[in-house]
Amino acid sequence: MNRMPEITKEMFRRIEVDKSEAEVIARPSINFWQDAWRRLKMNNLAMFGLGLIIFLVVMALFGPYLVPYTYDFQVLEDQNQGISAAHWFGTDDLGRDIFVRIWNGGRVSLLIGLMAALSDLIIGVIYGGLSGYRGGKIDQLMMRIVDVLYALPYLLVVILMMVVMETRGIITIIMALAATGWVGMARLVRGQILQLKEMEFVLAARTLGASTKRLLFKHLIPNSMGPIIVNMTLTVPSAIFAEAFLSFIGLGVQAPLASWGTMVNEGVAVMLSGYWWRLFFPAVMISLTMFAFNVFGDGLRDALDPKLRK
Amino acid sequence: MKKTSKWLVLFLAIVIVASVGLVACGTDTSDEPTEQSSTSGTTDKDKPAVEQKLRLNARTEPPSLDPGTATDSTSFEILRVLMEGLVRLDKNGQVTKGSGMAKDWKVSDDQLTYTFYLKDDIYWSNGDPVTAQDFEYAWKRVLNPETAADYAYQLYYLKNGEAYNNGEATADEVGVKALDDKTLEVVLEAPTPYFLQLTAFGTLYPVNKNVVESNPNWAADASTYVSNGPFKLASWEHDSEVVVTKNENYWNKDEVKLDEISWVMVNDDNTAYQLFLNKEIDIDAAPQELTYELIQKGEATSTPILGTYMYLFNTQDEIFKNKNIRKAFSIAIDRDAIVNQVTKGGQIPAYGFVPPGSSPDMGVDFREYNGDLIPDVSEAKKYLELGMKELGLTELPTITLSYNTSEGHKKIAQAIQAMWKDNLGVEVELSNQEWKVYLETIDAGEFQIGRYGWLGDYMDPMTFMDMWVTGGGNNGAHYSNPEYDALIEKAKSTADQKVRLEALAEAEKILMDEAVVAPIYFYTRVFIQQDYVKGVVRHGDGATDFTWTYIEK
Amino acid sequence: MLKFILRRLGMLVVTLWVIVTLTFFLMHAIPGDPFSKEGRMPEATKENLMKYYGLDKSLPEQYVSYLIKLTKFDLGPSYFSKTQSVNDIIANNFPVSARLGIQALTIAVMFGVALGTVAALKHNSALDYTAMVIAVLGVSVPNIVLAPLLINVFSVKLGWFPIARWGTFAHTVLPATALGVQAMAVIARLMRSNMLEVLGQDYIRTARAKGLSQFAVVWRHTIRNAIMPVITILGPLTAALLTGTFVVEQIFAIPGMGKYFVKSVNNRDYPVILGTTIFYSAVLVTANFLVDVAYGLIDPRIKVGVRGE
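Residues numbered from 1 in each chain as written. Chains lettered and ligands numbered in written order. Predicted model: local features only at pLDDT ≥ 70, side-chain atom pairs only at ≥ 80, totals over all residues. Heavy atoms only, no water.

A. Representation of the side chain of B:K327 within the structure. Residue and element names in this part refer to chain B. Note that K327 resides in helix 9 (residues 323-331). Residue K327 is classed as buried on the basis of its relative accessible area, which comes to 9%. Every residue in contact with K327, bar those within four places of it in the chain, is listed here: Y383, D513 and A515. (Helix = DSSP H or I, 4+ residues; strand = E, 2+ residues; numbered from the N terminus. Buried < 20%, exposed > 50% of the residue type's maximum accessible area, 1.4 Å probe, protein only. Contact = heavy atoms within 4.5 Å.)

Structure representation (structure tokens):
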């Protein structure tokens, strides 16, 4: 395997030099994002994930109009019916069409998942980045604040928010999730930065007089993109489930509207009765979302990786 | 990078396999307990004598096994076999002389003084005789403000009971006194026709005076626990299991056939049902989602318990101060559909407020006597229009229905929301709240329609009717009607059951005509029980007594 | 080093104090009182109860007396359980939760790291995809679904394990698995992503060029450098797993501590809320401290908390 292949004369070919081609730029100049997009496009799995995300979003927006029911239309006599031509995903215990409820719920769950991931990214990454980069006493202080936020009984915080905020809507739910959701990300980024900042290229950049902002955003954070993206993709399903928990406390979406998380909860309760479609469809939706975000996230990670840029 | 050597992958694969093996090792040991139980099960069949062990599910940890501080049905279920009051309700749920600690009693003509004569051969599980002083001590202990017993009000029937609990009277002024070791004199505040029944209730059980005085924490541990009932506490593993064994000092021990009763604490419906199917639990509540199916198949039994599930109207609200609007909303609920298609637990649709079986002492069932008091759905629209005219409204503003968070309440609320839309054309919003927040909301009157449930404290219609008097502590509807108050007062001032029946029936008619509440259904308890368990006694208020239970295989 | 540890210990106390203070006032700020139920109790009874538990005093007074008791490690009574104090609850239930948590953690770390590593080394192969499907399922199938499934398959159908409850080692296998799977999936994903990153680094190429064996490259150079994010999440993860989980305890009927975090808030059982929070915080802060120490051990270049000296 390591044997050097023999080199023969036939392997070589003379190239004619065409002077007119000298001025042609072989590769169009493209910026970072174009390059990333180009590489992302080559990753079939990632593109599949992206396609799936787009499909889910489109269905959440338009799916409810594909059937002649609304999410709260109930016919008690038709309760717990299996899959049929009339009800593609069956019906629930109040005789409501699960297909329309799934896509209505998708609006809630997808929005919440995305917003939670976004808040993770914005608050968590910056906080963790600063903490890790500054190090020393500031790091210790910032991390103890994270500990405190992490340790406060979440239920108490949520009940308090529920009482303080009179109006309940998607914004309130997102705020409740964002309130402490970012601390995990902050710890993760901080750990990465602690490791990265001791590396040679950071020292080099610092020696060259790069500002803190530049160091953080051009060197340290881009190099931590792997765990950041992975963690973000994990945030999406956990936010979807957290919403289900919130509606259990009374802060989630108000019935008769449902989210995927609350539908899974209801589906689990009837597992014994054999109404499998009530658990299956919302669970599949969450898994699909999870899968789509994961493969897309992986592709994105590869595409954005500064080391892989050629 | 692609040329990863295969053996590294192999190594990691081994790690995985090894871990699986580790889990598999657990399998070997795991078979032991299950096998043991199954082998012991088969040997049982061979043996002539069946093991007299009953295995129950308490669902959660009983908060207290001290009769003075217990307040929940789990604790009382265990206490019922550990302790015994002056009276133990018999197999038919009736008060009979000699069924409990008292062999006989006399009631004065004014119905205010009860003299109880205790049996001679009654002993605590530690050998001490049970005395009248134990009862006096136990009851005064419950009323003592320093004990801070939640259920002190169960003894407010005693003369100066409430005053002592309030700190306005001394212990000596309370109407309970041991005349000698075996004679107990009880003086009541007012005639209470159901007082004998109450003496069977957990809060009125005796405690061993010497034991409690020497160790206030006596009820926390099996080793210090002393009881006077058919069983004694053998072990208490918190959050896991309570075991009681037969009390050889019990006066009626010959009638007690069980050697042991254990309560495991399995709260998940699915898990509990699997344990039941595996015959590791003998009796349990039917799993919520399978209730209907199991009743249909005859595998679960539904028994009524004394309780009403209802929607309260806030009579102080701008809209719901109008009686006809309230009535419209109440009538528009299709109670049969709720029971048959939504809750599906064998509940009884409620067309009156007081549940059936509430009046064992009245000679006639109160519910049957007073009949159905809620008109047909078709009249709903008429009342709504009438009410809106009275309020000068052409259109109803958005109405909010509040409930505390739970899957069951949510389901019912959604179904009723749709019924209101169909039958009245009214849009109602739902709003769910966490339990304790919800209680404050109702208390403060910050709601329009709210879910509520009421379980009777004792077997008499009064426990349902006196909550709606002006300023009553449980008057969540904030209802006030002098005519109603007068009827309740009339029923309270007499022991004549005929007068009481008339007055209470009249009061219920007012309650329903004014639609202060919309009763939805009467509670039932649905249970599953292995075929080999016999002789379980279930009372009308939902209480279960295992004193006479036995296993027959 | 001693000075460092002492300083961290001091920090722990301060952090705990902040948590206690915030939780104390937070729990009194939310509506609901510990003794309310559907049927309202008479005012006098309620006053007796408030007096009995010292709730009739002003909040600052209650706060101070709580702190004083806390310095004696007395966490107070439970309003709900009349037989167990908060100390009793922790003493009875923590060992159960901890045992289960350690087993779950072992499963999570062992399988998670192995899966992630294999997936990265066999990037884009069938093995990689399988590992990632497991990870996706692990995260997107919540415990309330997974746990009953495990019971139905392994206990009811196959009869390998007891259905539920606590006692022998066999009782722990399914709940530990249910608890560990989610953490395993998270660890596997992080591990894979970081392994891929590290495998692309120049020093790995150098190591290979030096002719190091594949084992040495992966074991000494790659895993060591890639495990950082896993170590980071181990802090909170350990704290969460050791102190019990409501859902798994509920489904498997395990006498653990997790239920008290939920039950205490539902019941407004103030001493239990505070007690469990303090206990959890202490475990969390300790775990995070160990994580920081581990950073330095794994990568000697990292110095945590000593730069200011």
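Right, picking up where we left off after that structure.
B. The interface of chain A and chain C, seen in detail. Tallying the contact residues gives 53 residues for chain A and 59 residues for chain C. In total, about 5,000 Å² of surface goes out of reach between chain A and chain C, with carbon and sulfur atoms giving 66% of it. Sorting the residues of chain A by area buried against chain C places A:L156, A:R187 and A:Q195 first, and these three jointly supply 12% of that buried surface. Remark: the boundary between chain A and chain C carries 1 salt bridge. Residue C:D292 is joined to A:R190 by a salt bridge in which the shortest nitrogen-to-oxygen separation is 2.9 Å. Scanning the region where chain A abuts chain C turns up 5 residue pairs in polar contact (both at pLDDT 80 or more). Counted by class, the side of chain A that touches chain C contains 27 nonpolar, 11 polar and 15 charged residues. (Buried area = accessible area lost by both parts, 1.4 Å probe. Salt bridge = Lys/Arg side-chain N within 4 Å of Asp/Glu carboxyl O. Polar contact = N/O pair within 3.5 Å; in protein donor to acceptor, adjacent residues only side chain to side chain. Nonpolar A, V, L, I, M, F, W, Y, C, P; charged D, E, K, R; others polar.)

C. How the structure looks around empty space enclosed by the protein. One pass over the structure, following the stated rule, counts 7 cavities of 30 Å³ or more. Empty space within the largest cavity amounts to approximately 180 Å³. As for the largest cavity, its lining consists of 20 residues, and the residues nearest its centre are A:S247, A:T262, B:E407, B:K410 and B:N432. Among the elements of the structure, helix 10 (225-249) and helix 11 (260-269) of chain A together with helix 13 (407-424) of chain B are those that each provide at least two residues to the lining of the largest cavity. Here the residues of the lining of the largest cavity are counted per class, giving 8 nonpolar, 8 polar and 4 charged. Estimates place the volume of the second largest cavity at around 80 Å³. (1 Å grid on protein atoms, 1.4 Å probe; cavity = no way out; pocket = protein on both sides within 12 Å on 5 of 7 lines; lining within 4 Å. Points joined across faces, edges and corners; volume = space filled by probe spheres on them.)

D. Up close: the UniProt feature "domain: Solute-binding protein family" (unreviewed entry) in chain B. Mapped onto this numbering, the UniProt entry annotates "domain: Solute-binding protein family" (unreviewed entry) at residues 100-475 of chain B. Summarising residues 100-475 of chain B: 29% helix, 21% strand, and an end-to-end C-alpha distance of 35 Å. (UniProt positions renumbered as here; feature names shortened; annotations may be inferred.)

E. Highlighting the pairing of strand 3 (residues 113-118) of chain B. Residue and element names in this part refer to chain B. As defined by bridge partners, strand 2 (residues 102-107) adjoins strand 3 across 5 bridges and the pair is classed as antiparallel. Note that in strand 3 the partner of A102 across the bridge is L118. In sequence, strand 2 turns back onto strand 3 through a hairpin of 5 residues, with Q111 there showing a positive phi of about 65°. Pairing analysis gives 5 bridges linking strand 3 to strand 5 (residues 183-187), with the strands arranged antiparallel. Its bridge partner being in strand 5, F116 is matched across the sheet by L184. (Pairing = 2+ DSSP bridges.)

F. Looking closely at the environment of C:S193. As for its placement among the helices and strands, C:S193 is situated in helix 7 (residues 169-199). Taking the relative accessible area as the measure of exposure, C:S193 reaches 1% and is therefore buried. Separated by 33 residues in the primary sequence, C:S193 and C:A226 have C-alpha atoms spaced 8.5 Å apart. Here C:S193 is in contact with A:G226, A:P227, A:V230 and A:R301, once residues within four sequence places are set aside.

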